[in-house]
Amino acid sequence: MLKKNLLAAASMAMGMTLSTAAFAETQITWWHAMGGALGDTVNQIATDFNASQSEYKITPVFKGTYEEALTAGIAAFRAGEQPNVLQVFDAGAATVIGAKGATVPVQDLLADNGIDFDINDYIAGVRYFYADANGKMIGMPFNSSTPIMYYNVEALEKAGVTPPKTWEEFETVTAPALKEAGYIPLAQSHLPWIFTENFFSRHNLPFATNDNGYGDGETKILVNSPEIKSHFTAVKKWKDEGLFEWFGAGWNDNQKPFEEGKVAIWLGSSGSFGGLQKTATMPFSATMLPYWEAVTKEPKQTFIGGAALFAMAGKSAEENKATAEFFRYMSSPEVQLMWHKQTGYVPITEAAYELAKTEGYYEEKPAAEVGIQQLSLPAGDNTKGYRMGFYVQIRDVMNREYGRILTGETTVEEAFATIEKEANDLLARFNKTQG
Amino acid sequence: MKRAGFNHFGLPVMLLLPQLIIIGVFFYWPAAYALRSSFFLEDPFGFGSTFVGVDNYTDLFGSAQYLKVAGFTLGFTFLVTFLSLSIALLLAVKADKVIRGTRVYRTLLMWVYAVAPPVAGFLGVMVFYQGNGPMTEFLAMLGYEFRLGVNYYDTAAAMVVVATWNHIPVNFIFLLSGLQSIPQSVKEAALIDNRSGMRRFWDITFPLLAPTAFFLLIINITYALFDTFGMIDALVKGEPGNNPMTMVYKVYVDGFRGNDLGGSSAQSVILMVLVLVLTVFQFRVMDRRIHYT
């Protein structure tokens, strides 16, 4: 009995010292959706931040997929238990930015805590994607990627072709030669992201009314456009002729045949670079996404994909200060360079990009620079991003209809009419949720 | 006859209270909340909401996609229930006759029950994998290109096969014990009357199995409607695309992935009504048509 009491007293005392130790530093939490090797790098950043100073301590928590992390963050916010930092992906941006009062705009957060902020420090392609209509940055871009074209070097050599610059070149020169050489010429991993959103950006076409959805009021999607319909007509034709293959809506199902050397050209994320280096069985390289010369002679930059970090509202000033300090640390050139090299995601600031260049990283690995080069191409009126509510569901509608086009269950014309109608219904519904 | 009962009103209420609280907190309160949400369109963070009356319901019934999902759910439920019950019945009848090594046979047949639906889904993905799944290769030998995740009907077929396979053991256990509870004397009397095993089965054994079979019918329907969620999620890899899905999975897709609280609440309410109808049907039939001995 006495022994038990002693033990209890000892553990209580220990608990007290621990809690006083913890009291000295401000604790913040960070919910993210980075699994596997990416998660290890996230943990590394957090550990390094905690070791770099003694005032703040950040704890990263893995919350599953992007969708799950967002839903968990929302549920926690409603219960008043939100984390300080929440990672939200591109398609969820409208939901979280639309809910004014759910987050503290990162630009305000940094300014309030005396940290210099200049949006022009960030590379062109990432500046406004998570910003409001006035150009104020709301979410801090974190893992930024963009779709690029990877190719199997051996396959292209064997077929005697170079990576296509335009879809016209792909259709008439590259693809037939690759097919002749025994490869499936082309695959891609995300039809809504690569062949839709970034199709509009690359060709500088408006994707939605109301300034691509950035403005206030009702937004209508402009997906039912002749340019994209002729693109999908071509894609379906390529599939029928054996110049393109589609392995379903899952990302990895389409990436795997490329890693195995069956597919010669694969459109994926610049963030896939880190993983591909480990899994690809053949030498590969990358270049920019092709464009249709018939649509534009001056292709523009693409949208960023990936996710941003949002500072959740309803936290104490000390905790917000800690969050601001963490953002400062995370966006520093050294941390960005480490993140860029380990994962393949693009560095978000010009300074980090310069650092990578001076270090000679791209001479060693030229493919790692493609994403950032593409994001730094000239901007157009329609390239800063898009903002549409219920966009996760709109993507689901696209995935469904594109699948039906490619399996011959519907026509391009009908599919785009359906997408337009269902997407506009969803947008109208979303508008009501904001009322 | 003297009625046994409580003297005070308070005691039974006290005894029931824990149960009532649990049901209230974990069932009635969320159900009422879902019912309320289904009449609103609400910002996920809870900042704004608009009362829209029955719009969420009319939107659903006006949506070709939702009706397609409902149609698939019905077909899927029917096929899974029918196949898993009839295969289990066949196995149970055969296992009932085995005399040597009974336990080994039965254990082997029950084993699959230990496989959780999501795991069953992953096994399905492996077996039907596009590149080199054994079933895919087998079907390719027969000249059929099976493409899980690409072709709507191929994915649907894989879902039915996996769901059926996963649920045969439960049916098997119940049907076997049902068969064994049929009195030997009845079987012997039937044997004197008729030599045809088939006739004896349909005239004597099957009606005596009816209570068990009816109970299993309800269990199977609810299984196919609700418990197959994890299996479907594994088979479509969280990206349904153009693949089929059940109504429960659509609640998840719209509510948890899409953050459309109003729309998915309306879908949940429709499912609640469905379960209510099923329950009423179950009790009425049990009262009137099924005779327990």
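Keep in mind that what you see is a predicted model, and the values were worked out from it rather than measured.

1. Details of the overall build of chain B
In terms of helices and strands, chain B carries twelve helices and two strands. Starting at the N terminus, the α and β elements of chain B follow one another as α-β-β-α-α-α-α-α-α-α-α-α-α-α. Taking all 293 residues of chain B together, the buried fraction comes to 31%. At a minimum sequence separation of 6, the contacts of chain B that also span at least 24 residues come to 68%.

2. Things to note about the overall build of chain A
The secondary structure content of chain A amounts to 19 helices and ten strands. Since a compact globule built from 435 residues should have a radius of gyration of about 22 Å, the 23 Å found for chain A is in line with a globular shape. Taking the principal axes of the C-alpha coordinates as reference, chain A spans close to 85 × 50 × 50 Å. Long-range pairs, those at least 24 residues apart, make up 76% of the contacts in chain A between residues at least 6 apart in sequence.

3. A look at the interface of chain A and chain B
By a widespread convention, an interface's size corresponds to the accessible area lost as its parts come together. Across the boundary between the two partners, chain A contributes 30 residues, which contact 28 residues of chain B. Listed by contribution, the elements that provide at least two residues to the side of chain A that touches chain B are helix 3 (66-78), helix 18 (391-406) and helix 19 (412-433) of chain A. The element contributing the most residues to the side of chain A that touches chain B is helix 18 of chain A, with seven residues.

4. Remarks on the packing of helix 2 (residues 55-62) of chain B against helix 12 (residues 261-288) of chain B
All names here are of chain B. The N-to-C vectors of helix 2 and helix 12 enclose an angle of 75 degrees; their axes lie 9 Å apart at closest approach. Classified by the angle between their axes, helix 2 and helix 12 sit roughly perpendicular to one another. Across the interface between the two elements, Asn56, Tyr57, Asp59 and Leu60 from helix 2 touch Gly262, Gly263, Ala266 and Gln267 from helix 12. Class assignment for the residues of the contact of helix 2 with helix 12 results in three nonpolar, four polar and one charged.

5. Quick look at the pairing of strand 1 (residues 26-32) of chain A
Residues and elements named next belong to chain A. Pairing between strand 1 and strand 2 (residues 56-62): seven bridges, direction parallel. Note on strand 2: the bridge partner recorded for Trp31 is Val61. What joins strand 1 to strand 2 is helix 2 (residues 36-52), and the crossover it makes is right-handed. Bridge count between strand 1 and strand 3 (residues 85-89): two bridges; the pairing is parallel. Residue pairing across strands places Trp30 opposite Val85, the latter belonging to strand 3.

6. Thoughts on the pairing of strand 6 (residues 147-152) of chain A
Residue and element names in this part refer to chain A. When you tally the buried positions in strand 6, you get six out of six residues, the bulk of the element. Side chains Pro147, Met149 and Tyr151 of strand 6 all project onto a buried face; the interleaved residues Ile148, Tyr150 and Asn152 project onto the opposite face, where all are buried too. The pairing of strand 6 with strand 8 (residues 263-269) spans five bridges and is antiparallel. Paired with Pro147 across the bridge in strand 8 is Ser269. As judged from the four bridges shared by strand 6 and strand 9 (residues 284-287), these two strands associate in the antiparallel manner. What sits directly across from Met149, in strand 9, is Thr287.

7. With respect to the confidence of the model for chain B
Residues of chain B with pLDDT of at least 70 account for 97%, and the chain-wide mean is 89. Highest mean pLDDT in chain B belongs to helix 2 of chain B (94); lowest belongs to helix 4 (residues 102-110) of chain B (79).

8. Quick look at the nonpolar core
In this structure, A:Met149 and A:Ala264 are the most contacted members of the largest nonpolar core, which totals 129 residues. When residues of this core are assigned to their parent elements, the largest contribution, eight residues, is made by helix 18 of chain A. When residues are assigned to domains, this core turns out to be shared by domain 1 (25-145 + 304-368) and domain 2 (147-302 + 389-433) of chain A, each giving three or more. When residues no more than four places from it in sequence are discounted, the contact partners of A:Ala264 are A:Tyr151, A:Asn152, A:Ala155, A:Leu156, A:Leu178, A:Tyr183, A:Ile184 and A:Pro185. Counting residues in each nonpolar core, the second largest holds 25 residues, with B:Val80, B:Ala158, B:Ala163 and B:Leu225 among its members.

9. Side note on the domain arrangement of chain A
All names here are of chain A. Per the domain assignment, the segments making up chain A are domain 1 (25-145 + 304-368) and domain 2 (147-302 + 389-433). Considering every element that reaches the side of domain 1 that touches domain 2, the biggest residue donor is helix 4 (residues 93-98), with three residues. Partitioned by chemical class, the residues of the side of domain 1 that touches domain 2 number eight nonpolar, eleven polar and one charged.

10. Points about the sheet that holds strand 8 of chain A
Residues and elements named next belong to chain A. With mixed pairing, four strands are arranged side by side in an open sheet as 7-8-6-9. Strands at the two margins of the open sheet, each flanked by one partner only, are strand 7 (184-188) and strand 9. Adjacent strand axes in the sheet meet at a mean angle of 25 degrees when their direction is disregarded. Helix-sheet contacts for helix 7 (residues 167-180) involve strand 7 and strand 8, and the interaxial angle to strand 7 is about 115 degrees.

11. Notes on helix 2 of chain B
Residue and element names in this part refer to chain B. Here helix 2 has its buried residues at Asp55, Asn56 and Leu60. Summarising the axial view, the buried residues of helix 2 lie within an arc of 135 degrees, below the 170-degree limit, and thus occupy one face. Pointing more than 90 degrees away from the buried face of helix 2 are the exposed residues Thr58, Phe61 and Gly62.

About the thresholds
Residues numbered from 1 in each chain as written. Chains lettered and ligands numbered in written order. Predicted model: local features only at pLDDT ≥ 70, side-chain atom pairs only at ≥ 80, totals over all residues. Helix = DSSP H or I, 4+ residues; strand = E, 2+ residues; numbered from the N terminus. Buried ≥ 20, exposed ≤ 12 C-beta atoms within 10 Å, placed from the backbone. Contact = placed C-beta atoms within 7 Å. Rg over C-alpha atoms; globule rule 2.2 N^0.38 Å. Axes fitted to C-alpha atoms, helices over the stretch in contact; angles between N-to-C directions. Parallel < 35°, antiparallel > 145°, perpendicular 65-115°, else oblique. Nonpolar A, V, L, I, M, F, W, Y, C, P; charged D, E, K, R; others polar. Pairing = 2+ DSSP bridges. Right-handed = clockwise from strand over helix to strand, strands pointing away. pLDDT = per-residue confidence, 0-100. Core = buried A, V, L, I, M, F, W, Y, C linked by C-beta atoms within 7 Å. Domains from an automatic or database assignment. Arc of directions from axis to C-beta.

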